[in-house]
Amino acid sequence: VERLIAGLTPGERKVIRDAPFTGVINDIAFNTGIAVRQLLSSDKTQRVSRARHAVCWVMAEAHPDYSSIRIGELLAGRDHSTVLNSVRRGTELRT
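From a predicted model like this one, the values you see are computed outputs, not experimental measurements.

A. Up close: the packing of aromatic side chains. One pass over the full model with this rule turns up zero aromatic pairs. Positioned above the aromatic ring of tyrosine 66 is the side chain of arginine 70, whose terminal nitrogen or guanidinium carbon lies 3.9 Å from the ring centre.

B. Broad picture of the environment of glutamate 92. Residue position: glutamate 92 is located in helix α7 (residues 80-94). The partly exposed category is assigned to glutamate 92, whose relative accessible area is 43%. Within the structure, glutamate 92 has its side chain in polar contact with the side chain of arginine 88 (distance 2.7 Å).

C. Up close: the packing of helix α3 (residues 19-32) against helix α5 (residues 46-62). Closest axis-to-axis distance for the α3/α5 pair is 10 Å, and the angle between their directions is 145°. In terms of crossing hand, the pair formed by α3 and α5 is right-handed. Across the interface between the two elements, Pro20, Phe21, Val24, Ile25, Ile28 and Thr32 from α3 touch Arg47, Ala51, Ala54, Val55, Val58 and Met59 from α5. Within the contact of α3 with α5, the residues separate by chemical class into 10 nonpolar, one polar and one charged.

D. Here's a closer look at the nonpolar core. Of all hydrophobic cores here, the largest spans 20 residues; its most connected members are Phe21, Ile25, Leu39, Val55, Met59 and Leu75. When contributions to this core are tallied by element, the ones reaching two or more residues are α3, α5, α6 (68-74) and α7. Here the element with the most residues in this core is α5; it accounts for six residues. Excluding anything up to four places from it in sequence, leucine 75 contacts Phe21, Ile25, Leu39, Leu40, Arg52, Val55 and Cys56.

E. Molecular detail of α5. Between the first and last C-alpha of α5 there are 24 Å, a value that for 17 residues agrees with the 24 Å anticipated at 1.5 Å per step. Val48, Ser49, Ala51, Arg52, His53, Val55, Cys56, Trp57 and Met59 are the residues of α5 that are buried. Where the residues of α5 are buried, they touch α3, α4 (36-39), α6 and α7.

F. Expanded view of the layout of surface pockets. Taken as a whole, the second largest pocket encloses approximately 150 Å³ of empty space. Surrounding the second largest pocket, Ser42, Asp43, Lys44, Ser49, Arg52, His53, Cys56, Leu75, Arg78, Thr82, Asn85 and Ser86 form its lining. Sorting the residues of the lining of the second largest pocket by element identifies α5 and α7 as the ones contributing at least two each. Considering every element that reaches the lining of the second largest pocket, the biggest residue donor is α5, with four residues. Residue classes in the lining of the second largest pocket are distributed as two nonpolar, six polar and four charged.

About the criteria used
- Residues numbered from 1 in each chain as written.
- Predicted model: local features only at pLDDT ≥ 70, side-chain atom pairs only at ≥ 80, totals over all residues.
- Heavy atoms only, no water.
- Phe/Tyr/Trp six-rings, centres within 6.5 Å; stacked < 30°, edge-to-face > 60°.
- Lys NZ or Arg CZ within 6 Å of the ring centre and 35° of its normal.
- Helix = DSSP H or I, 4+ residues; strand = E, 2+ residues; numbered from the N terminus.
- Buried < 20%, exposed > 50% of the residue type's maximum accessible area, 1.4 Å probe, protein only.
- Polar contact = N/O pair within 3.5 Å; in protein donor to acceptor, adjacent residues only side chain to side chain.
- Axes fitted to C-alpha atoms, helices over the stretch in contact; angles between N-to-C directions.
- Left-handed = near helix turned anticlockwise from the far one by under 90°.
- Contact = heavy atoms within 4.5 Å.
- Nonpolar A, V, L, I, M, F, W, Y, C, P; charged D, E, K, R; others polar.
- Core = buried A, V, L, I, M, F, W, Y, C linked by side-chain atoms within 4.5 Å.
- Expected span 1.5 Å × (residues − 1).
- 1 Å grid on protein atoms, 1.4 Å probe; cavity = no way out; pocket = protein on both sides within 12 Å on 5 of 7 lines; lining within 4 Å.
- Points joined across faces, edges and corners; volume = space filled by probe spheres on them.

Below you can see the structure in the form of structure tokens.
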């Protein structure tokens, strides 16, 4: 496990150490068939972006103690306004 963690970027290591976020991103990655690394990448395809919206929405709904800043930091350093937009889009996609 230590060798696996050593091969990760500092941002990816931060994600692994945050249990609630790790659970959410792993669940969404599994259910969408998109790799966690792809969710944390700069990939802007609709499929990946929608999955990222889902991560932000679930984190905001299930963990209200997490600020948009904290979620953005865990999601590969995204800006808090990007997270807020993703939460809004995630809500729209549910309706």
